[in-house]
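# Topology and contacts: notes
Spelled out from the first residue to the last, the chains are:
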Amino acid sequence: QQQVKQSPQSLIVQKGGISIINCAYENTAFDYFPWYQQFPGKGPALLIAIRPDVSEKKEGRFTISFNKSAKQFSLHIMDSQPGDSATYFCAASNPNSGGSNYKLTFGKGTLLTVNP
Amino acid sequence: GAGVSQSPSNKVTEKGKDVELRCDPISGHTALYWYRQRLGQGLEFLIYFQGNSAPDKSGLPSDRFSAERTGESVSTLTIQRTQQEDSAVYLCASSRQGPTGYGYTFGSGTRLTVV
């Protein structure tokens, strides 16, 4: 059972455009939603994260939008740059529950290509 | 160290051989996680350590897979009698707090190829 569904699988955007990646989750106990960025040959690196008590979080050109009722969250990259070309993973967990829900459950990833 | 270190970075092995993958977490990080990343797939949870105990090993795919950790330091993931479907990138992550989902730092992974 895939608990976090991510789309699209791949995305091509022109420099300066907006990149949008969407994720949907099933487990209503999730309350921590990070996005990771992975460059080839490297491990994923935390980009930005949100808790469901807010509907939006912005850090520089990166924004997470969160819709708790729809169980969906998305990453928006404004003014996309060629250096943003990477694979992006959404994830979810319930870090405060104890038990086994601390672990991150990842989406399958989106390969973003930003053309110059 | 400054980051999570994994070795080897690449490993090619023959089907049926055993392999050991090593992870050196960030000093002071009590929690350590192993994930597997198959081509075109997301990250698949394998096992979690809190200190040297493993409260959750539910993601290990079969009894050919095992892992251990020395104190709050090095962890080794062992795959016995490797199969071609074991080919993947094996990622290790550590975090200061556990069990939480905060502050994962990943290593660069070990790319395992079983031929």
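Structural notes, computed from the coordinates. Fair warning: this is a prediction, and the values are worked out from it, not measured in the lab.

## Considerations on the sheet that holds strand β1 (residues 4-7) of chain A
Residues and elements named next belong to chain A.
- On the basis of which strands lie adjacent, the open sheet formed by five strands has the order β1-β3-β8-β7-β6 and antiparallel pairing. In this open sheet, the two edge strands, each paired with only one partner strand, are β1 and β6 (56-59). Ignoring strand direction, the axes of neighbouring strands in this sheet form an average angle of 15°.
- In this sheet, strand β8 (residues 72-77) lies alongside strand β3 (residues 19-25) in antiparallel orientation, the contact comprising six bridges. Looking at the pairing, Cys23 lines up with Phe73 of β8.

## Describing the pattern of salt bridges
Residues and elements named next belong to chain A.
- Applying the stated rule across the entire model yields six salt bridges over all chains.
- Of the charged contacts, one joins Glu59 and Lys57 as a salt bridge, the two residues approaching to 3.7 Å between their closest N and O atoms.
- For Lys57, a relative accessible area of 32% translates into the label partly exposed.
- Two residues, Asp84 and Arg61, come together in a salt bridge whose shortest N-O distance is 2.8 Å. Pair noted here: Asp84 is in the loop between β8 and β9 (86-92) and Arg61 is in the loop between β6 and β7 (62-67), with a separation of 23 residues, a long-range link.
- For Asp84, a relative accessible area of 5% corresponds to the buried category.

## Focus: the sheet that holds strand β1 (residues 5-7) of chain B
All names here are of chain B.
- Overall, antiparallel pairing links the four strands, which are arranged β1-β3-β8-β7 in an open sheet. The open sheet has two edge strands, β1 and β7 (65-69), and neither has a second partner. In this sheet, adjacent strand axes meet at a mean angle of 15° when their direction is disregarded.
- Where β1 lies against strand β3 (residues 19-24), three bridges are found, and the strand directions are antiparallel.

Here is what the cut-offs are and how they apply
Residues numbered from 1 in each chain as written. Chains lettered and ligands numbered in written order. Predicted model: local features only at pLDDT ≥ 70, side-chain atom pairs only at ≥ 80, totals over all residues. Heavy atoms only, no water. Pairing = 2+ DSSP bridges. Helix = DSSP H or I, 4+ residues; strand = E, 2+ residues; numbered from the N terminus. Axes fitted to C-alpha atoms, helices over the stretch in contact; angles between N-to-C directions. Salt bridge = Lys/Arg side-chain N within 4 Å of Asp/Glu carboxyl O. Buried < 20%, exposed > 50% of the residue type's maximum accessible area, 1.4 Å probe, protein only.

Read these as layout, nothing more, since geometry by itself doesn't imply function.
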